[in-house]
Amino acid sequence: MTSPDSRIEVPAEPTAFPLVEGATALIVIDMQRDFLLPGGFGESLGNDVSLLQRVVEPLAGLIAAARAVGVPVIHTREGHLPDLSDCPPAKLHRGAPSKRIGDPGPSGRILVRGEYGHDIVDELRPLPGEVVIDKPGKGAFYATDLQQVLADAGITQLIVTGVTTEVCVHTTTREANDRGYECLVVSDCVGSYFPEFQRVGLEMVKAQGGIFGWVASSDDVVAALASLSARTTTPA
Ligand code: C5J
């Protein structure tokens with residue numbers, strides 16, 4: 001449903017999300033080989049990486065829909081400098097010994113910038129000119145220029161996608177919410193290694209009247225973006 005101002009109501013929970021034309025960006029969090037493919041950081045922590053791979057197809061569709069109507073797509077990557085000087089010891093010492101951040105793995109040094117495993121999976125590769133935020137933490141605002149990037153582009157709303165739901169997606173959504181951004185988390189475009197965390201992670205976003213934001217399906221967000229396109233191409 002469209003409203004006379006520049007808003008589109010996206011079916012969502014706990015209420016429809018008022019998507020504002022020109023003020024929304026799609027953020028794609030950490031869709032990196034290290035989290036999604038065997039041999040990376042995710043697997044080194046004992047996780048079944050196949051559970052994250054189901055996000056790729058709907059997310060590719062959503063990214064295409066955003067690009068088609070000029071909604072900016074911002075990608076993030078979690079990782080560290082080669083000398084690990086930006087990795088706190090508390091983080092460095094997690095995981096199985098010899099498979100920790102900075103250790104060699106089948107896709108290069110685990111979660112180290114510039115390594116094959118640190119980069120985004122082929123299916124979701126950023127286009128030239130799209131912003132890629134390299135972040136040392138779980139949240140995309142911590143120790144990055146994301147807030148400045150969004151301010152410069154006049155963005156006040158984020159369509160939130162990526163992995164993992166309860167870690168970097170949640171941390172970034174919470175950081176964004178505290179900074180005044182309206183966040184629409186796309187349920188089938190976020191993924192967790194734990195089905196229960198996926199379910200509860202989404203519940204937590206939309207509970208208490210949308211304490212951190214809204215939750216919608218990619219079908220509904222894609223349809224809203226398509227109607228944005230119809231509006232901009234149909235003469236009044
Ligand atoms: C994790 C992330 N799970 N991107 N990172 O360590 O969620």
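Residues numbered from 1 in each chain as written. Predicted model: local features only at pLDDT ≥ 70, side-chain atom pairs only at ≥ 80, totals over all residues. Heavy atoms only, no water.

### Some remarks on the overall build of the chain
Tallying secondary structure elements over the chain gives nine helices and 10 strands in all. Along the longest, intermediate and shortest principal axes, the C-alpha atoms of the chain span 60 × 35 × 30 Å. Residues classed as buried in the chain amount to 47% of the 236 residues present. Long-range contacts, defined here as pairs at least 24 residues apart, represent 73% of the contacts in the chain between residues at least 6 apart. Carbon and sulfur atoms make up 56% of the accessible area of the chain, which totals about 10,400 Å². For the chain, the centre of its 19 positive side-chain charges and the centre of its 30 negative side-chain charges are spaced 4 Å apart. (Helix = DSSP H or I, 4+ residues; strand = E, 2+ residues; numbered from the N terminus. Buried < 20%, exposed > 50% of the residue type's maximum accessible area, 1.4 Å probe, protein only. Contact = heavy atoms within 4.5 Å. Areas by Shrake-Rupley, 256 points an atom, 1.4 Å probe, with all protein chains shown as cover. Lys, Arg positive; Asp, Glu negative; His and termini not counted. Charge placed at Lys NZ, Arg CZ, Asp CG, Glu CD.)

### Some points on the side chain of H75
Considering the arrangement of structural elements, one finds H75 in strand β4 (residues 73-78). Judged by relative accessible area, which is 0%, H75 ranks as buried. Of the polar contacts made by the side chain of H75, one reaches the side chain of E130; its length is 2.7 Å. (Polar contact = N/O pair within 3.5 Å; in protein donor to acceptor, adjacent residues only side chain to side chain.)

### Details of the site of the ligand
The full set of residues close to the ligand is D30, F35, F41, E78, K138, V163, T164, V167 and C168. K138 places a side-chain nitrogen or oxygen 2.8 Å from an oxygen atom of the ligand. Take T164: an N or O atom from its main chain is 2.9 Å from an oxygen atom of the ligand. For the ligand, whose unbound accessible area comes to 230 Å², protein coverage reaches 93%. Here the residues of the shell around the ligand are counted per class, giving five nonpolar, one polar and three charged. (Near = heavy atom within 4 Å. Nonpolar A, V, L, I, M, F, W, Y, C, P; charged D, E, K, R; others polar.)

### Looking at the pairing of strand β8 (residues 157-163)
Across the seven residues of β8, seven count as buried, placing the element largely inside the fold. Two elements, strand β3 (residues 24-29) and β8, share six bridges in a ladder whose sense is parallel. In the strand pairing of β8, L26 is matched with I159. Direction of pairing for β8 relative to strand β9 (residues 182-191): parallel, over a ladder of six bridges. Bridge pairing in β9 links G162 to V190. The parallel pair β8 and β9, bridged by helix α7 (residues 165-178), forms a crossover whose chirality is right-handed. (Pairing = 2+ DSSP bridges. Right-handed = clockwise from strand over helix to strand, strands pointing away.)

### Overview of the sheet that holds β4
In space, the six strands of this open sheet follow the order β7-β4-β3-β8-β9-β10, with parallel pairing throughout. Every other strand in the sheet has two partners, leaving β7 (131-135) and β10 (214-216) as the edge strands with one partner each. This sheet shows a mean twist of 25° between the axes of neighbouring strands, independent of strand direction. As defined by bridge partners, β9 adjoins β10 across three bridges and the pair is classed as parallel. Directly across from V186, in β10, lies its bridge partner A216. (Axes fitted to C-alpha atoms, helices over the stretch in contact; angles between N-to-C directions.)

### Considering the nonpolar core
Note that soluble globular proteins tend to have their nonpolar side chains buried in a common cluster. The biggest cluster of nonpolar side chains holds 43 residues, and the ones touching the most others in it are L26, M31, V221 and L225. It is helix α4 (residues 56-68) that provides the largest number of residues to this core, a total of six residues. Excluding residues that lie within four positions of it along the chain, V221 makes contacts with V10, L62, I159, L184, V186 and A216. In terms of nonpolar packing, the next biggest core, distinct from the first, is built from 23 residues, I74, I133, F141 and A176 among them. (Core = buried A, V, L, I, M, F, W, Y, C linked by side-chain atoms within 4.5 Å.)

### Structural notes on the environment of D188
Structurally, D188 is set in strand β9. Owing to a relative accessible area of 31%, D188 belongs among the partly exposed residues under this scheme. Between the C-alpha atom of D188 and that of W214, which follows or precedes it by 26 residues, the distance is 13 Å. If we ignore the near neighbours within four places in the chain, the residues touching D188 are V55, P58, S217 and S218. In terms of polar contacts, D188 uses its side chain to reach the side chain of S218, at 2.6 Å.

Keep in mind these values describe shape, not function.
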